[in-house]
Amino acid sequence: MRGEVSSEHSNQTAISRSSFSGKVGYVLAVAGSAVGLGNIWRFPYLAAKYGGGMFLLTYLILMLTFGYTLIISETVLGRMTRKSPVGAFGTFGKSLPYKFGGWINAVIPMLIVPYYCAIGGWVTRYLFEYLKGNASLLAEDTNFTDFISDGVSVEIWFLVFTFMVVLVIIAGVTAGVERVSKIMMPLLVILAIFVAGFSVTRPGAFEGVKYFLIPNLENFSWMTVVAAMGQMFYSLSIAMGILYTYGSYMKKDVDVEKSTTQVEIFDTAIAMLAGLMIIPAVFAFSGGAPETLQAGPSLMFITIPKVFASMGFGNIAGTLFFLMVLFAALTSAISLAETGVSTFEDQLGWSRRSCSLLMGVIMLALGSASALGFSVLSFVTILGMSILDFFDFLSNSIMMPLAALSTCILIIRVVGFRAIAEEVERSSAFRRKKMYNFFLKYLAPICIVVILLSSVANVMGWITL
Ligand code: PFF
């Protein structure tokens, strides 16, 4: 019965629905979505802060179990129903819980992409300054804070980045999203290898390589697990509707399990390269001083420009580094915006161009608010947070765990493991079926609840993440 629902659905929508041209396009587009600011900006500072090698080991274990389970679940539901999240949940029921599950997955990318573009604007400005040869200006102590408190400048760079994203979205799935990913992702890998090679060969960098790669039990704490789990969600683009949407564009003959593994390897390899770029460079610069390593979010915009300026070749290293970050941020922002557009197409029935423009308007409104939250709108705080931090908190810490939980419940209670396995087996054997069932039933719900509770406890000040 369930199988009938899904195939009937696919027949109805197959004619008009966009799709990736094949396996390579699909893997590169999903990898493009996964590899983003999360890998290059967030992963290294979390790894530096929460135990180096121990964090890396915990992250790898979680990714291969919990992460794998959620990626397969969302991708298969997307491909089975050929719908973005609202339609996918709606295929199985029309009552409130289905509406909630669908919409929470669909709204998350619409809330993330505006502030993601604000940060993308900062990255574009840094690249521009490096291209002009301003490495020493960027290394000045107050450069970053001066920049984000200059409303006009921040807004202009935000608009430049957002314009690039909207252009690709209007171009469409194959001609826009897939083509950009196919060009940018290989370039990104080359740049990442190059910059990491440069960084690990600096004098004094080897201590940093050891800290990052060798697990040391002394550096392990409960926070290591919680931080690694949150990072995994963020990095793999889980629980934000993207994998439903990209799954819905996936051809039926693409091997779901294999492409998931490839995306995980790609995403983790880039995160590890980013760790190898940043942690050894910071060690070489500061001798591993804890305050520098724990700098947190400002590591990429304040510490790294100082490190580059002090190493010589500052302008070249900075240009290559920020070019790579720009590619990563663009492909991810495109996937977030594409998910919003796909929801509008499915739900409103408008043309792709109109849906892209509607998404553009949302990005402009919410993104400008986030971008200006450190200058013109700095008087606005929500729960003590800036507008950008609030959107990040709301989406990542509260809504994403709820969205992931909805997916787990949908599969456990309604869709059933059999239907998931059948969909995977349309294109290949489901090699890790038993593991998938076990993780989905037991591990995933527990991990999700842990993330949700820790995030709330963090905001209430009961624990510090
Ligand atoms: N997975 C991408 C990254 O790591 O940057 C894109 C992303 C999506 C990041 C959603 C953050 C986020 F909340």
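Model, not experiment: these values are computed from the prediction.

**Student:** I'm lost on the side chain of Ser406 in this one. Help?
**Tutor:** Mapped onto the fold, Ser406 is located in helix H19 (residues 387–415). When its relative accessible area of 11% is taken as the criterion, Ser406 is described as buried. Contacts of Ser406, omitting those with residues within four sequence positions, involve Phe89, Phe100, Gly101 and Ile104.

**Student:** Sorry, what's going on with the packing of aromatic side chains here?
**Tutor:** In this description, an aromatic ring pair is defined by two values, namely the gap between the centres and the angle between the planes. Enumeration over the complete set of coordinates arrives at 26 aromatic pairs. With 5.8 Å between their ring centres and 35° between their planes, Tyr211 and Phe283 make a pair best called tilted. In this pair, Tyr211 is assigned in helix H11 (residues 206–213) and Phe283 in helix H14 (residues 256–286), connecting sequence segments 72 residues apart. Of the residues examined, Tyr211 reaches a relative accessible area of 21% and is grouped as partly exposed. The structure contains a cluster of three or more aromatic residues connected by ring pairs, namely Trp122, Tyr126, Tyr130, Phe144, Phe301, Phe308, Phe321, Phe322 and Phe374. One residue, Arg202, lies across the ring of Phe198, its end atom 4.0 Å from the ring centre. Between Arg432 and the ring centre of Tyr68, over which it is positioned, the NZ or CZ distance is 4.1 Å.

**Student:** Help me out: how do you make sense of the confidence of the model for the chain in this one?
**Tutor:** Interpretation of this model should avoid reading the predicted coordinates in detail wherever pLDDT is low. Per-residue pLDDT for the chain averages 88, and the proportion of residues at 70 or more is 95%. Confidence drops under pLDDT 50 across residues 1–15; counting only partners more than four residues distant or on other chains, this segment forms 12 contacts.

Parameters at a glance
- Residues numbered from 1 in each chain as written.
- Predicted model: local features only at pLDDT ≥ 70, side-chain atom pairs only at ≥ 80, totals over all residues.
- Heavy atoms only, no water.
- Helix = DSSP H or I, 4+ residues; strand = E, 2+ residues; numbered from the N terminus.
- Buried < 20%, exposed > 50% of the residue type's maximum accessible area, 1.4 Å probe, protein only.
- Contact = heavy atoms within 4.5 Å.
- Phe/Tyr/Trp six-rings, centres within 6.5 Å; stacked < 30°, edge-to-face > 60°.
- Lys NZ or Arg CZ within 6 Å of the ring centre and 35° of its normal.
- pLDDT = per-residue confidence, 0-100.

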